[in-house]
Amino acid sequence: MDVSEIIIPGDTPGSEWRLPALRFSGSDPKAPKTYIQAALHAGELPGTVLLHFLCERLRQAESEGRIAGDVTVVPQANPIGAAQSHFGELQGRFDLGSRTNFNRDFPLISVADRATLVEDLDDYPATDRLKRQLLHMALGADLVLDLHCDDESLQYAYIDEAFWPEAADLAAALDMEAVLLSDGESSAFEEAVGFAWKYEIPGERQSRLPGKLSVTVELRGKRDVDPALARKDADGLWRFLAARRIVNDERMWDEKPSPAAFSGPAVPLDNVEIVRAPAGGAVLFHRKIGERVAEGDLLATIVTRPGQPDGSVDLHAPQDGLILTRTSDRLVRRRGDLMKIVCDSPSKASRKAGALEN
Ligand SMILES: [Zn+2]
């Protein structure tokens, strides 16, 4: 394992950031190259601890000469966000200086222009510099995994239709309970990687990208940072790497029966119902993540004017579906997101293009 640090100078005198990148060299130049990062939203740590355990296995495999394709791991992709604290609370999602989501505004370029990402870096503030360095590393790979988590959530992923259904092996290996098929239309990290490949020949858009993968994995909820789950997910990712012949694990190839296929729902983003609060107040949830609901089922009650007659509002399921996520807040604001429900049919509500809240 080779550990190198990317130095990102701070925007004021006397400060700088250090971004460790862990590299495992493969023996087969034709094997796919893999890039995995976690905690781009700095407070989302299930992926960081997963990678801690995955690297243990990779180091062992490296010492036995069992790594075929290069693997680059950035377990904590956002030192800038990790250091942001506001009134005692970590603010790892948005850059406090610019109010920009750390997982948006990645440069949309062709992979042919990859080298330009790290040219004239002094022209950019630290946050943009960080984004350019991360994207530059990712575009050197064929398989790119960006590990996030939701608030309170099942295991799921955002996968561009360009990589589906080939990526069902990842969904099965990580035991995902749903896949949201995205349309690659925002500037999130995963979508910027997909964009760069689709426009490898500038001006000509490829809609299928065989042999490539760029995905945002939502490793359950932000409090699901747990030794058993981290090891289980590390084993899952290992199985994926073995099945794609990036690491050699003969035991796994002989394994019978072969790992189960992905059987969960894989739906377009339009089929996700986002249940929003019609008014602010204290929320009482009647249903949990992982439950299936029918149209009209009572999901939540918001106590808007406590103690007063008609002081609450009931919210019902807009259609049948699986409850994928739920907010952990209990004081909710008007139009705040309460739940995501995966449904068979498109939602009637409009949405902005690109990944939801990852
Ligand atoms: Zn995230």
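Here is a short report on the structure shown in this document.

Right, let's get into the environment of Glu200. Inspection of the secondary structure assignment puts Glu200 in the loop between helix 5 (189-198) and strand 13 (213-221). Assessed through its relative accessible area of 43%, Glu200 is described here as partly exposed. Sequence-wise, Glu200 and Phe189 are eleven residues apart; in three dimensions their C-alpha atoms are separated by 17 Å. Residue contacts for Glu200: discarding those within four places in its chain leaves Ser110, Val111, Ala112 and Gln206.

The protein atoms donating to the zinc ion are His41 (ND1), Glu44 (OE), Glu44 (OE) and His148 (ND1), with metal-donor distances spanning 2.1 to 2.6 Å. Bound by four donor atoms, the zinc ion shows angles of 53 to 145° at the metal and therefore irregular coordination geometry. Read in sequence order, the donor residues coordinating the zinc ion give the pattern H-x2-E-x103-H. Separated by 104 residues along the polypeptide, Glu44 in the loop between strand 3 (34-38) and helix 1 (46-63) and His148 in strand 9 (residues 143-150) bring together distant segments of the chain. This pair shows no difference in class: Glu44 is buried, exactly as His148 is.

When two helices pack together, their arrangement is given by the angle between their axes and by how far apart the axes lie. Two numbers describe how helix 3 (residues 126-138) lies on helix 5: the axes approach to 10 Å, and their chain directions differ by 50°. In this view, helix 3 runs oblique relative to helix 5, as classed from their interaxial angle. For the element pair helix 3 and helix 5, the recorded crossing hand is right-handed. The residues of helix 5 that touch helix 3, namely those facing Leu134, Leu135 and Ala138, are Phe189, Ala192 and Val193. The residue makeup of the contact of helix 3 with helix 5, split by class, is six nonpolar, no polar and no charged.

Right, let's talk about the state of the cysteines for a bit. The final tally for this structure, using the stated rule, is zero disulfides. Cys149 carries a free sulfur, and the closest cysteine sulfur to it, the one in Cys55, is 19 Å from it.

By convention here, two paired aromatic rings are described through the distance between centres and the angle between planes. Tallied over the full model, the rule gives six aromatic pairs. Seen in terms of ring centroids, Trp164 and Phe262 are 5.9 Å apart; in terms of plane orientation they differ by 90°. Their pairing is edge-to-face. Of this pair, Trp164 sits in the loop between strand 11 (156-160) and helix 4 (168-173) while Phe262 sits in the loop between helix 7 (250-254) and strand 14 (266-268); the two residues are 98 residues apart in sequence, bridging distant segments of the chain. Taken individually, Trp164 and Phe262 each receive the classification buried, so the pair is uniform in this respect.

Here the focus is helix 6 (residues 227-243). The end-to-end C-alpha distance of helix 6, which contains 17 residues, comes to 24 Å, matching closely the 24 Å that a straight helix rising 1.5 Å per residue would cover. Taken as a whole, helix 6 has its buried residues at Ala230, Asp233, Ala234, Gly236, Leu237, Trp238, Phe240, Leu241 and Ala242. Where helix 6 begins, the side chain of Asp226 points an oxygen toward the backbone nitrogen of Ala228, at a separation of 2.9 Å. Arg245, located one to two residues past helix 6, shows a positive phi value of around 60°.

Using the criterion set out here, one finds 20 salt bridges in the structure. Note that Arg244 and Asp169 form a salt bridge whose closest N and O atoms lie 2.7 Å from each other. Note that Arg244 is positioned in the loop between helix 6 and helix 7 and Asp169 in helix 4, a separation of 75 residues in sequence. Given the relative accessible area of 21%, Arg244 is considered partly exposed. When salt bridges that share partners are traced, they join Glu5, Glu16 and Arg18 into one network.

Here we come to the sheet that holds strand 14. Pairing within the open sheet is mixed, and its nine strands lie in the order 1-2-4-3-9-13-11-12-14. Both edges of this open sheet fall to strand 1 (2-9) and strand 14, since each of them pairs with a single strand only. When the angles between neighbouring strand axes are averaged without regard to direction, this sheet yields 25°. The sheet contact formed by strand 12 (residues 178-182) and strand 14 spans three bridges and is parallel. Across the sheet, Leu181 pairs through a bridge with Pro268, a residue of strand 14. Against the sheet, helix 3 contacts strand 1, strand 2 (16-24), strand 3, strand 4 (71-74) and strand 9, and its axis sits at roughly 150° relative to strand 1.

Moving on: the environment of Leu54. Among the structural elements, Leu54 can be located in helix 1. You can call Leu54 buried: its relative accessible area is 0%. Sequence separation between Leu54 and Pro20 is 34 residues; the distance between their C-alpha atoms is 16 Å. In contact with Leu54, other than residues within four places in its own chain, are Ile36, Ala234, Leu237, Trp238 and Leu241.

About the criteria used
- Residues numbered from 1 in each chain as written.
- Predicted model: local features only at pLDDT ≥ 70, side-chain atom pairs only at ≥ 80, totals over all residues.
- Heavy atoms only, no water.
- Helix = DSSP H or I, 4+ residues; strand = E, 2+ residues; numbered from the N terminus.
- Buried < 20%, exposed > 50% of the residue type's maximum accessible area, 1.4 Å probe, protein only.
- Contact = heavy atoms within 4.5 Å.
- Donors = N, O, S within 2.8 Å, 3.2 Å for Na, K, Ca; no water.
- Tetrahedral: all angles 85-135°; square planar, octahedral: opposite > 155°, others 65-115°.
- Axes fitted to C-alpha atoms, helices over the stretch in contact; angles between N-to-C directions.
- Parallel < 35°, antiparallel > 145°, perpendicular 65-115°, else oblique.
- Left-handed = near helix turned anticlockwise from the far one by under 90°.
- Nonpolar A, V, L, I, M, F, W, Y, C, P; charged D, E, K, R; others polar.
- Disulfide = S-S within 2.5 Å.
- Phe/Tyr/Trp six-rings, centres within 6.5 Å; stacked < 30°, edge-to-face > 60°.
- Expected span 1.5 Å × (residues − 1).
- Polar contact = N/O pair within 3.5 Å; in protein donor to acceptor, adjacent residues only side chain to side chain.
- Salt bridge = Lys/Arg side-chain N within 4 Å of Asp/Glu carboxyl O.
- Pairing = 2+ DSSP bridges.

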